Amino acid sequence: AGFWWNSTVPEPRSGIVHADAQPAPAMTLADIDLAATAAALYLYPVKACAALWVPEIVLDAGGRAGGDRGWAIVDAEGAVTWQGAHPRLALVQPSFAGARLLLGATGAESIPTPDALAPCRLKIWNDLDARHDEFDAADAGDAVAGWLERLVGAPLRLVRLGEAARTREGLNALHLVFAPSIAAVDAQLAAAGLPAADPRRFRPNIVLSAPAGDGVEFIEESLAALQWQGQDAASRLEITAPCVRCPVPDVDPESGLVEPALGDALARLSQGRRPGATVFGVYARGPAGTRLRVGDTARMDLAF
């Protein structure tokens, strides 16, 4: 698994170089048969809370990971909130017991959602129109809210999003990050005497592994699609947009503390590639029913 290099230049038989020997052509992306392996898959059952590692993702009718971000945390004004406002939400670890959602955290007893949820309304910020939109939702009750407040230190509530909120316009489907690009970020951190970044800080659904090498870092920004070679059948995941980064990668998922060094490294690397907003990773979308499993191979279709 990984990248297969498609160079036809023979290796030298000895250390002797003849005067009339022609130099080997420089390797370019056109010389590479591109493929990578799904190293890890994650769901985020509760928006803004910790990742849940899964062995398989099944895409829903919108091309999204089924079960991803079906719940959210709202503040005292009923607006969906995020780790930028409450970094300690990174410590909230969602899991499932059958169909029931559980919230847990290191050193805290898990709490299940109740059998019956109370209908409510919530507000979600609309970037395109610079306003809050209102949607139907269902509240998980005072016991869960109390658990959240004790852990996070703010009056927050857990809600399950209604269908209109889950499928609202402007949502991105799958977030992909690539190991060679993570390695480039880690090199920046190492140069500053800092440890490597936990990949969960990038909030990916899919981490694709491949050996790092010249010309491979940030290759995801040159892709049109991924031809996913699954265990059942091949599926095409269309790359839809680069991921513009917010401050969330600065939050350490283990401590819930804000460490801006990672965001600074992302910004430096991004500005070196293209001026403007900081980008890292890409978004993709695939056909409903597609099964993506850890260990599957994805071939990369370049956008040129």
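The shown structure was predicted, so the numbers you read here are calculated from the model rather than taken from an experiment.

1. Digging into the overall build of the chain
In step 1: Scanning the chain from N- to C-terminus turns up 4 helices and 19 strands.
In step 2: Looking at the chain as a whole, 45% of its 304 residues qualify as buried.
In step 3: The contacts in the chain between residues at least 6 apart in sequence include a share of 72% that link residues at least 24 apart.
In step 4: If you sum the accessible surface of the chain, you get close to 15,100 Å²; carbon and sulfur atoms cover 53% of it.

2. A word on the sheet that holds strand β11 (residues 131-139)
In step 1: Here we have 4 strands laid out as an open sheet, ordered β6-β12-β11-β10, and antiparallel in their pairing. Two strands bound the open sheet, and with one partner strand each, they are β6 (71-74) and β10 (118-126). Going across the sheet, the axis of each strand differs from the next one's by a mean of 50 degrees, ignoring polarity.
In step 2: Strands β6 and β12 (157-161) of the sheet are contacted by helix α1 (residues 142-152), whose axis makes an angle of about 125 degrees with β12.

3. Concerning the confidence of the model for the chain
In step 1: Taken as a whole, the chain shows an average pLDDT of 88; of its residues, 87% reach a score of 70 or greater.
In step 2: Every residue in residues 1-21 is under pLDDT 50, and counting partners more than four places away or in other chains gives 33 contacts.

4. Observations regarding the packing of helix α3 (residues 179-191) against helix α4 (residues 261-273)
In step 1: Two numbers describe how α3 lies on α4: the axes approach to 10 Å, and their chain directions differ by 115 degrees. Crossing of α3 over α4 shows right-handed handedness. Of the residues in α4, those in contact with Ala184, Val185, Gln188 and Leu189 of α3 are Ala261, Leu262, Ala265, Leu266, Arg268 and Leu269.

5. As for the nonpolar core
In step 1: In this structure, Leu176, Leu208 and Leu226 are the most contacted members of the largest nonpolar core, which totals 27 residues.
In step 2: Taken together, the elements giving at least two residues each to this core come down to β3 (35-43), β13 (174-178), β14 (206-209), β15 (223-229), β16 (234-244), β17 (279-285) and β19 (297-302).
In step 3: The greatest single-element share of this core, amounting to 4 residues, is contributed by β3.
In step 4: When sequence neighbours within four positions are dropped, the list of residues in contact with Leu176 reads Ile206, Leu208, Leu226, Gly281, Val282 and Ala284.
In step 5: Within the second largest apolar cluster, 21 residues are counted, among which are Leu91, Val92, Val144 and Trp147.

6. Let's talk about the pattern of salt bridges
In step 1: Considering all chains together, one arrives at 19 salt bridges under this definition.
In step 2: A salt bridge links Asp115 to Arg100, with the shortest nitrogen-to-oxygen separation between them at 1.7 Å. Here Arg100 lies in strand β8 (residues 100-105) and Asp115 lies in the loop between β9 (108-112) and β10, a separation of 15 residues in the sequence.
In step 3: Overall, the relative accessible area of 71% leaves Asp115 in the exposed class.
In step 4: The closest approach of N and O atoms between Asp136 and Arg121, which form a salt bridge, is 2.9 Å. Residue Asp136 is located in strand β11, and its partner Arg121 is located in strand β10; the two are separated by 15 residues in the primary sequence.
In step 5: Note on Arg121: relative accessible area 46%, which makes it partly exposed.
In step 6: Connected through salt bridges with shared partners, the residues Glu56, Arg291 and Arg293 form a single ionic network.

Rules used throughout
Residues numbered from 1 in each chain as written. Predicted model: local features only at pLDDT ≥ 70, side-chain atom pairs only at ≥ 80, totals over all residues. Heavy atoms only, no water. Helix = DSSP H or I, 4+ residues; strand = E, 2+ residues; numbered from the N terminus. Buried < 20%, exposed > 50% of the residue type's maximum accessible area, 1.4 Å probe, protein only. Contact = heavy atoms within 4.5 Å. Areas by Shrake-Rupley, 256 points an atom, 1.4 Å probe, with all protein chains shown as cover. Pairing = 2+ DSSP bridges. Axes fitted to C-alpha atoms, helices over the stretch in contact; angles between N-to-C directions. pLDDT = per-residue confidence, 0-100. Left-handed = near helix turned anticlockwise from the far one by under 90°. Core = buried A, V, L, I, M, F, W, Y, C linked by side-chain atoms within 4.5 Å. Salt bridge = Lys/Arg side-chain N within 4 Å of Asp/Glu carboxyl O.

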